[in-house]
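# Survey of secondary and tertiary structure
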Amino acid sequence: MYDIAQLDVPPLRRAAGTVRLPGSKSISNRVLLLAGLAEGRTEIHDLLDSDDTRVMLQALRQLGCGIAGDDRVTTVTGIGGSLRQVRTPLSLSLGNAGTAMRPLAAALALLVTRDGGDVELSGVARMHERPIGDLVDALRRIGALIDYLHHDGYPPLRLRAGGTLNIERPIRVRGDVSSQFLSALLLALPLVSDGGGQPITIEVDGELISKPYVELTLALLQRFGIEVQHDGLQRFVIPAGSRYRAPSRIHVEGDASSASYFIAAGAIAAVEAPLRIEGVGLDSIQGDIRFVDAARAMGAQVAGGASWLEVRRGAWPLKAATLDCNHMPDAAMTLAAMALYADGRTRLTRIGSWRVKETDRIAAMAVELRKLGATVLDGADSIEVEPPASPAAWRRAALHTYDDHRMAMCLSLAAFNPLAGARVPVRLLDPRCVGKTFPEYFETLFGVVGADAADIPVITVDGPTASGKGTLAAAVAARLGWRQLDSGVLYRATALAAMRANIAGDDTEALARVAAALALRFDGDQVWLDGVDVGAALRHEAVGAFASQVSALPEVRRALHALQLSFRRVPGLVADGRDMGTVVFPDAALKVFLTASAAMRAERRHKQLMAKGISARLDALRADLEARDARDMHRAVSPLKPARDALLLDNSSLTIEQSADRVLGWWGERNTFD
Ligand code: DC
């Protein structure tokens with residue numbers, strides 16, 4: 001997860017490879033609720049792990065459900081349709097998860113009315129702006145006592161005991177604001193269907209939007225043993241005596257809405273090879289799978305099976321289209337981003353529900369696409385998008401994401417602008433919001449896209465031994481969300497591998513062969529050489545000393561050159577060493593040269609060693625550092641010296657944070673956005 005304040009996505013030119021999607025949010029939260037209400041245990045496979053499902057799981061725990069499991073399997077032991085064992089008052093905090101708030105409000109309102117209790121439901125500020133009045137009205141009409149704690153029509157809510165359930169008459173609910181109100185009633189009413197001895201009927205007022213979500217609800221109810229009859233999705237009948245039966249095992253499909261970003265990426269940028277998406281396929285029960293048809297209408301070539309899709313670019317530029325998006329409001333946002341690459345004006349209609357989602361998505365999309373240079377017309381329940389008029393009309397824009405995961409994911413697609421002739425990076429503010437449904441979205445995207453090396457920004461940090469460049473580079477990389485190359489590790493690994501193979505320091509050919517064949521793997525802070533964790537071994541003084549010797553050999557340096565260049569990957573690289581700015585990345589956008597005094601560096605190294613319980617003499621350490629400096633500075637190839645365009649940073653009296661602030665400040669000055 002990119003836990004940073006802003007993420008700059010460099011100009012992207014290609015997409016190819018395979019992505020595996022996280023589980024569907026809509027299925028995950030419905031299955032969790034049903035499993036939580038049912039009697040017995042449900043084993044859920046491939047449940048989505050994200051903000052919205054965490055909120056639901058926490059609520060279920062508070063309701064007394066048993067939750068256990070690991071990465072792939074979650075086991076829920078349900079409360080058997082009764083609140084009696086739960087002590088109230090209970091206060092549930094549901095973040096910004098509509099898929100938790102609406103069905104829990106309905107289910108708990110019914111249970112509190114029947115069994116007694118007192119439950120408060122709240123969320124984050126935006127949740128308190130998302131309407132729930134139509135659902136509350138329907139629940140009040142059947143006898144639930146519900147108070148609005150802030151504003152009428154919006155959470156937070158208090159559900160009180162004392163009402164009398166009246167479910168004999170058909171229950172009416174509006175269907176034209178959010179289909180989640182109807183879904184909530186459908187999920188909850190079976191709880192009380194065994195009392196009256198007669199079926200429960202629900203009737204929808206107004207035209208039902210987002211119908212596929214209701215079909216999804218019905219399909220999942222069926223998996224839990226509840227057969228709802230309906231008549232064209234207008235009138236629903238829950239048979240008397242319905243009971244949730246835990247299916248012993250249920251599998252969550254990959255998220256079809258999340259698939260839309262990769263379908264779009266494939267349609268835009270999978271030219272030579274397809275982009276394959278695993279986890280969801282053409283038989284999906286999720287309505288957003290129909291995004292495939294819309295993408296095809298705009299030119300995508302999509303093939304697929306039961307649980308996979310393969311996408312390639314078909315028409316280019318994409319074909320502008322007029323599309324009715326009522327049945328797939330979430331995935332439809334992705335079409336607005338695809339419209340940036342179309343041959344004219346794309347019109348998305350019947351998307352009024354965008355206005356009551358995580359943010360007012362019509363307004364937000366219009367503002368941000370305009371910043372990129374597009375012409376946008378935002379209507380009450382439609383949006384029209386025309387791409388930037390020419391390559392030069394694309395702007396380097398800093399885009400807001402409105403704490404809305406889909407805004408962030410859609411807007412990332414603007415980074416393919418080189419395919420429309422432009423070449424601008426895209427800055428996404430607060431990219432963390434993707435955690436709502438797809439915490440690893442950017443990692444997944446960056447795993448399948450390609451950019452020209454020249455477009456991938458590099459910051460170099462060179463300096464003498466023990467100057468703190470590795471620590472500084474790591475801090476800068478973390479704050480930018482970039483990769484880091486500690487090039488010293490490559491020389492140390494060469495030295496270590498050579499020492500283990502008993503290769504002498506003057507056997508140039510053998511040393512170069514070792515360097516060229518290094519089987520190194522990086523995993524976070526860990527370094528693996530030939531399948532063995534060598535993090536600690538690489539830091540030994542003897543290895544450092546031998547590294548200093550082998551790094552003076554031009555053959556070794558040449559052998560490591562391509563490996564170093566291969567670290568330049570999207571979204572960016574911070575590289576530290578001796579010759580990063582002078583030799584390896586001469587075109588780096590920012591070059592920093594660290595200059596702490598030898599006395600200061602010796603003191604730091606001394607402290608480090610003492611902390612590890614290794615005794616050392618300060619004067620010996622200093623002498624050793626100076627000898628190493630001399631060797632690094634006076635060697636014939638790639639001597640340690642500042643690049644001509646490097647900025648000097650004396651960090652003798654700066655903390656790591658202060659040094660990182662300085663570097664990021666310089667980077668910010670050179671890397672401005674509109
Ligand atoms: O930064 P370090 O102490 O981990 O580096 C180990 C050795 O590798 C050091 O003696 C210098 C050499 N080195 C180099 O020559 N060029 C680099 N880019 C990085 C390190």
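The text that follows walks through the structure, step by step, so that each part is easy to find. The shown structure was predicted, so the numbers you read here are calculated from the model rather than taken from an experiment. (Residues numbered from 1 in each chain as written. Predicted model: local features only at pLDDT ≥ 70, side-chain atom pairs only at ≥ 80, totals over all residues. Heavy atoms only, no water.)

### Focus on the overall build of the chain
Across its full length, the chain carries 22 helices and 33 strands. With the C-alpha coordinates aligned to their principal axes, the bounding extent of the chain is approximately 90 × 60 × 45 Å. Pairs at least 24 residues apart make up 76% of the contacts formed inside the chain by residues separated by at least 6 positions. Charged side chains of the chain number 77 positive and 78 negative; the gap between the two group centres comes to 1 Å. (Helix = DSSP H or I, 4+ residues; strand = E, 2+ residues; numbered from the N terminus. Contact = heavy atoms within 4.5 Å. Lys, Arg positive; Asp, Glu negative; His and termini not counted. Charge placed at Lys NZ, Arg CZ, Asp CG, Glu CD.)

### Structural notes on the site of the ligand
Taken together, 16 residues surround the ligand, and among them Ser487, Arg492, Arg557, Asp579 and Arg635 come closest. At 2.8 Å, a side-chain N or O of Arg557 approaches an oxygen atom of the ligand. Between the ligand and Arg578, the relevant distance is 2.9 Å, taken from an oxygen atom to a side-chain nitrogen or oxygen of the residue. Its free accessible area being 450 Å², the ligand has 97% of it covered by the protein chains. For the shell around the ligand, the elements supplying multiple residues, two or more each, are helix 14 (487–500) and helix 17 (541–550). Here the element with the most residues in the shell around the ligand is helix 14; it accounts for four residues. A breakdown of the residues in the shell around the ligand according to their chemical character gives three nonpolar, six polar and seven charged. (Near = heavy atom within 4 Å. Polar contact = N/O pair within 3.5 Å; in protein donor to acceptor, adjacent residues only side chain to side chain. Areas by Shrake-Rupley, 256 points an atom, 1.4 Å probe, with all protein chains shown as cover. Nonpolar A, V, L, I, M, F, W, Y, C, P; charged D, E, K, R; others polar.)

### Thoughts on empty space enclosed by the protein
Following the criterion strictly, the structure yields five cavities of 30 Å³ or more and no others. One number sums up the size of the largest cavity: a volume of about 260 Å³. For the largest cavity, the lining is made up of 23 residues, of which Arg130, Ser178, Gln180, Asp330 and Lys357 are closest to its centre. When residues of the lining of the largest cavity are traced back to their parent elements, those giving at least two are helix 1 (25–37), helix 3 (98–115) and helix 5 (179–188). Partitioned by chemical class, the residues of the lining of the largest cavity number five nonpolar, eight polar and ten charged. (1 Å grid on protein atoms, 1.4 Å probe; cavity = no way out; pocket = protein on both sides within 12 Å on 5 of 7 lines; lining within 4 Å. Points joined across faces, edges and corners; volume = space filled by probe spheres on them.)

### Focus on the packing of helix 1 against helix 6 (residues 211–223)
In contact at an axis separation of 10 Å, helix 1 and helix 6 are set at 40° when each is read in the N-to-C sense. One finds that helix 1 runs oblique with respect to helix 6. Considering only the axes of helix 1 and helix 6, their crossing is right-handed. Here Ser26, Ile27, Arg30, Val31 and Leu34 of helix 1 come into contact with helix 6, specifically with Tyr213, Leu216, Thr217, Leu220 and Leu221. Each residue belonging to the contact of helix 1 with helix 6 can be placed in one class, and the counts come to seven nonpolar, two polar and one charged. (Axes fitted to C-alpha atoms, helices over the stretch in contact; angles between N-to-C directions. Parallel < 35°, antiparallel > 145°, perpendicular 65-115°, else oblique. Left-handed = near helix turned anticlockwise from the far one by under 90°.)

### Observations regarding helix 20 (residues 598–611)
Structural remark: α-helix, 3.6 residues per turn; residues separated by three or four positions point the same way. Given a rise of 1.5 Å per residue, 14 residues ought to cover 20 Å, and the 20 Å separating the end C-alpha atoms of helix 20 matches this to within 8%. Contacts made by the buried residues of helix 20 are with helix 17 and helix 21 (618–634). Gly613, located one to two residues past helix 20, shows a positive phi value of around 80°. (Expected span 1.5 Å × (residues − 1).)

### Side note on the layout of surface pockets
Volume-wise, the second largest pocket comes out at about 720 Å³. Taken together, 28 residues make up the lining of the second largest pocket; nearest its centre are Asp46, Leu47, Leu48, Asp49 and Asp71. At the level of elements, helix 2 (51–62), strand 5 (66–69) and strand 6 (73–77) are the ones that each hand at least two residues to the lining of the second largest pocket. Residue composition of the lining of the second largest pocket, by class: eleven nonpolar, eight polar and nine charged.

### Quick notes on the sheet that holds strand 6
With respect to topology, four strands assemble into an open sheet ordered 5-6-4-15, the strand pairing being mixed. Among the strands making up the open sheet, the edge pair consists of strand 5 and strand 15 (249–251). In this sheet, neighbouring strand axes are inclined to one another by 20° on average, regardless of whether the strands run parallel or antiparallel. (Pairing = 2+ DSSP bridges.)

### Thoughts on the pairing of strand 11 (residues 171–174)
Residues Ile171 and Val173 point to one face of strand 11 and are all buried, whereas Arg172 and Arg174, pointing to the other face, are not buried. Bridge analysis of strand 11 against strand 12 (residues 200–205) gives four bridges, and the strand direction is parallel. Pairing of Ile171 across the sheet is with Ile202, part of strand 12. (Buried < 20%, exposed > 50% of the residue type's maximum accessible area, 1.4 Å probe, protein only.)

### Digging into the nonpolar core
Counting 89 residues, the largest nonpolar core has Phe262, Ile263, Ile277, Leu335, Trp354, Leu369 and Phe416 as the members making the most contacts within it. No other element matches the ten residues that helix 7 (residues 256–269) contributes to this core. Apart from residues no more than four positions distant in its own chain, Phe262 is found in contact with Val19, Leu21, Leu275, Ile277, Phe438, Tyr441, Thr444, Leu445 and Val448. Core analysis: the second largest hydrophobic core is formed by 82 residues, Ala107, Val112, Leu121 and Leu216 among them. (Core = buried A, V, L, I, M, F, W, Y, C linked by side-chain atoms within 4.5 Å.)

### Let's talk about the sheet that holds strand 29 (residues 526–529)
Pairing within the open sheet is antiparallel, and its three strands lie in the order 28-29-30. If you trace the sheet from one side to the other, it starts and ends with strand 28 (520–523) and strand 30 (532–533), each paired once.

### With respect to unusual backbone geometry
Apart from glycine, the bulk of residues carry a negative phi angle, and the bulk of peptide bonds sit in the trans form. A cis amide bond links Pro155 to the next residue, Pro156, at an omega of 0°. With respect to the helices, strands and loops of the structure, Pro156 is situated in the loop between strand 9 (145–148) and strand 10 (157–160). Residues Val570 and Pro571 are joined by a peptide bond in cis, for which omega reads 5°. Take Pro571: it is sitting in the loop between helix 18 (554–565) and strand 31 (573–577). You will see that Arg350, though not glycine, has its phi angle at about 55°, which is positive. Tracing the sequence through the fold places Arg350 in the loop between strand 20 (346–349) and helix 10 (361–372). Within the chain, Asn502 stands out as a residue other than glycine whose phi angle is a positive 55°. If you trace the backbone, Asn502 turns up in the loop between helix 14 and helix 15 (508–516).

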